[in-house]
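# Coordinates in review
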Amino acid sequence: MATTARAAERPTPAAFARRPVLMVAGAAGLLLAVFSGRYGYHRDELYFRVAGRHPDWGYPDQPPLVPLLARGITEVFGDSLVLLRLPSALAVAAGVVVAALTARELGGGRRAQLMTAGAFAVCPFFLAVGHLLSTATFDLLSSAVLVWLAVRWVRTRDQRLLLVIGAVAGLASNVKYLAGFLLGALVCGLLAVGPRDFLRRPMTYAGAAVAVAAMLPGLLWQARHGWPQLEMSERIAAEGDFGGRVGFLPFQLILTGVVLSWLWLYGLWRLFRSPELAPFRFLGCAYLLSCGVFLLTAGKPYYLAGLWPALWAAGAVEVERRSAPRGWAWAVSPPAYAITAVVAAALTLPVYPVSVLADTPQPAINADAAETVGWPRLVAEAARVHRSLPPAERARAVVFTVNYGQAGALDRYGPRFGLPRPYSGHNGYWHFGRPPETGGPVIVVGGEAPLLRRHWSEVTMAGRVDNGVGLDNDEQGTPVWICRGQREPWAVLWPRLKHLD
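Here the focus is the overall build of the protein chain. Along the backbone of the protein chain there are 24 helices and 5 strands. For 501 residues, the compact-globule formula gives about 23 Å, and the C-alpha radius of gyration of the protein chain, at 25 Å, lands near that figure. In the protein chain, buried positions account for 56% of the 501 residues. Taking contacts inside the protein chain between residues at least 6 apart in sequence as the whole, the part at least 24 apart equals 76%. Carbon and sulfur atoms form 63% of the exposed surface of the protein chain, whose accessible area is close to 20600 Å². With 47 positive and 33 negative side-chain charges, the protein chain shows a separation of 7 Å between the mean positions of the two kinds.

Here is the structure:
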């Protein structure tokens, strides 16, 4: 009851710093739009482009909304990389605004709102995912909106917000399944430290019903297919990206900008110390609980990205209210933001000529940048191998790839070379159909000879991919094989080629 009373006594929030916040949001969105056409597609974008043509309630590795978005864009605007990535740039710009609004709900005035908006806009991870059409981009925005709505409900007790939270959670769960973890963490935080009166509100249960209704088709799809997302989670954990459990916390500092990471750490601390932030202490609990869950399950550090804006906001509000602790004012000064912005852009965006990219630190720090280079040359090499076949074999040839990025590239660029439709057993691509029983040779992109010889009696390396700029990415040096003498028909072989990672 005390927490409820304190929340009710909070003064009306300061005016929204509309003009400066929108300027920051516009600058971030414009920066991303300007560089959106550099280099080329990411493998996931190539995958989404094809997956959208096979709409379903789910895929082994993701919910349906981002592939549907990719299909909508390509149907209306064609294969424009700039327009494909425009929604991501807009999502980051919208996230800047939501972050500032969160600071406002926490009691922040103009300065706190700008500090929070700026931290979001120059965050290295947000710029990186804002450059690509990615599930992480829209998960970030929907998660930030969920947290903002929860904070606003605590301040206003407007029960309609509980229904909106359910609707946003349902939408977010069809972008990335992580939304359920965030919602659960927020609920646990509220149960732990209050306010708990949401349990007595009918709108809470109406919102929960909306969220479950939106999640149900995807859950049923997963159940019908043996819960492949659980296997995907195990594979992701086994990869140990971002240093695994050891790197989980340090990489959060790197992903949020080493200097400006101080602001969200300060915000986390002040959530448990500041009397003014006491009604919002559930945010700190939600963050710590999420940290514990993802550390135990070997999750990735960016799984917590939806809570970073609220922590920045809490830190900014306290800096505005009390000034920065002695010796830390420099960490939230304009030069700190400017330096973070420059470094973030240099490490995440395609600012270099592609010919010198291999000589910069970007590929080592942001592997996704390297994965946007070389796809047309991969397809050209596969086409050269295809043309090398005798005409009778060429007419019956099948193209098979080891991963969905290769298949997506062949789907995008292959028609101009006269290549047949590609097939792959990787993740959702396996569900898009198996090859026809042509009796012809199979051009396999990727893979190893010993594994291929299990399925074909004659395996010949006929080419090797070279991106032409000396960039050591996942496809550089990929072999291209001609396989003959298939030991089993595709109907028997296809289930054995299915794999998740």
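Having seen the model, we can carry on.
By the alternation rule, side chains of strand β1 (residues 398–401) split into V398 and F400 and V399 and T401, which are all buried. Pairing geometry for β1 and strand β3 (residues 442–445), over 4 bridges, is parallel. Paired with V399 across the strands is I443, a residue of β3. Here β1 runs beside strand β2 (residues 422–424); their pairing, made up of 3 bridges, is parallel.

Another point: the sheet that holds β2. Read from one edge of the open sheet, 5 strands run β2-β1-β3-β5-β4, paired in mixed fashion. Either end of the sheet is taken by a strand with one partner, and the two such strands are β2 and β4 (456–464). With strand direction ignored, the average angle separating the axes of adjacent strands in the sheet is 30°. Inspection of the sheet shows β3 paired to strand β5 (residues 479–486) by 4 bridges, in the antiparallel sense. Counterpart to V445 in the pairing with β5 is V480. On top of the sheet, helix α20 (residues 375–387) reaches β3, β4 and β5; it is set at about 125° to β4, its chief contact. Most of the contacts of helix α22 (residues 404–413) go to β2, to which it runs at about 165°, and overall it touches β1, β2 and β3.

Turning to empty space enclosed by the protein, a few remarks are in order. On inspection of all chains with the given rule, the structure shows 3 cavities of 30 Å³ or more. The computed volume of the largest cavity comes to approximately 110 Å³. Contributing to the lining of the largest cavity are 14 residues, with S143, L178, L182, Y303 and L304 lying nearest its centre. At the level of secondary structure, the elements contributing two or more residues to the lining of the largest cavity comprise α8 (135–156), α10 (179–193) and α15 (281–296). The leading source of residues in the lining of the largest cavity is α10, at 3 residues.

This paragraph deals with the packing of α8 against α10. For any two helices packed against each other, one specifies the inter-axial angle together with the distance between the axes. Viewed as axis vectors pointing N to C, α8 and α10 meet at an angle of 20°, and their least axial separation amounts to 10 Å. As far as their axial angle goes, α10 and α8 are roughly parallel. Relative to α10, the crossing made by α8 is right-handed. For the pair α8 and α10, contact is made by D139, S143, L146, V147, A150 and V154 and by A179, L182, L186 and L190, respectively. Per-class residue counts for the contact of α8 with α10 are 8 nonpolar, 1 polar and 1 charged.

On to the environment of L86. Relative to the elements of secondary structure, L86 occurs in helix α5 (residues 81–105). Here L86 falls in the partly exposed class, since its relative accessible area comes to 32%. Sequence-wise, L86 and S36 are 50 residues apart; in three dimensions their C-alpha atoms are separated by 7.6 Å.

Moving on: the pattern of salt bridges. For the coordinates displayed, the defined rule picks out 23 salt bridges. For E488, the salt bridge is made with R496, and the minimal N-O distance between the two is 2.7 Å. Through salt bridges with shared partners, one network takes in R49, R53, D79, D411 and R412.

This part is about α20. Taking 1.5 Å of rise per residue, 13 residues should cover 18 Å, and α20 covers 18 Å from first to last C-alpha, within 8% of that figure. The complete set of buried residues in α20 reads W375, L378, V379, E381, A382, A383, V385 and H386. On its buried face, α20 sits against α3 (43–51), α21 (391–396), α22, β3, β4 and β5.

Inspection of every chain in the model, using the stated rule, returns 25 aromatic pairs. Taken together, a centroid distance of 4.1 Å and an interplanar angle of 15° make the contact between Y47 and Y404 stacked. Of this pair, Y47 sits in helix α3 while Y404 sits in helix α22, and the two are 357 residues apart along the sequence. Given a relative accessible area of 1%, Y47 falls into the buried group. Where W430 meets W494, the ring centres are 6.4 Å apart and the plane angle is 10°; that geometry is what we call stacked. Of this pair, W430 sits in the loop between β2 and β3 while W494 sits in the segment after α24 (490–493); the two residues are 64 residues apart in sequence, bridging distant segments of the chain. As far as the burial class goes, W430 and W494 line up, both buried. By way of ring pairs, the aromatic residues F120, F125, F126, F181, F294, Y302, Y303, W308 and W312 are connected into one cluster.

Right, let's get into the environment of A331. Structurally, the position occupied by A331 is in the loop between α16 (308–322) and α17 (334–348). A relative accessible area of 0% places A331 in the buried class. The sequence separation of A331 and L260 amounts to 71 residues, and the corresponding C-alpha distance is 6.3 Å. Once residues within four sequence positions are removed from consideration, A331 is found in contact with V259, L260, W262 and A336.

Calculation criteria
- Residues numbered from 1 in each chain as written.
- Predicted model: local features only at pLDDT ≥ 70, side-chain atom pairs only at ≥ 80, totals over all residues.
- Heavy atoms only, no water.
- Helix = DSSP H or I, 4+ residues; strand = E, 2+ residues; numbered from the N terminus.
- Rg over C-alpha atoms; globule rule 2.2 N^0.38 Å.
- Buried < 20%, exposed > 50% of the residue type's maximum accessible area, 1.4 Å probe, protein only.
- Contact = heavy atoms within 4.5 Å.
- Areas by Shrake-Rupley, 256 points an atom, 1.4 Å probe, with all protein chains shown as cover.
- Lys, Arg positive; Asp, Glu negative; His and termini not counted.
- Charge placed at Lys NZ, Arg CZ, Asp CG, Glu CD.
- Pairing = 2+ DSSP bridges.
- Axes fitted to C-alpha atoms, helices over the stretch in contact; angles between N-to-C directions.
- 1 Å grid on protein atoms, 1.4 Å probe; cavity = no way out; pocket = protein on both sides within 12 Å on 5 of 7 lines; lining within 4 Å.
- Points joined across faces, edges and corners; volume = space filled by probe spheres on them.
- Parallel < 35°, antiparallel > 145°, perpendicular 65-115°, else oblique.
- Left-handed = near helix turned anticlockwise from the far one by under 90°.
- Nonpolar A, V, L, I, M, F, W, Y, C, P; charged D, E, K, R; others polar.
- Salt bridge = Lys/Arg side-chain N within 4 Å of Asp/Glu carboxyl O.
- Expected span 1.5 Å × (residues − 1).
- Phe/Tyr/Trp six-rings, centres within 6.5 Å; stacked < 30°, edge-to-face > 60°.

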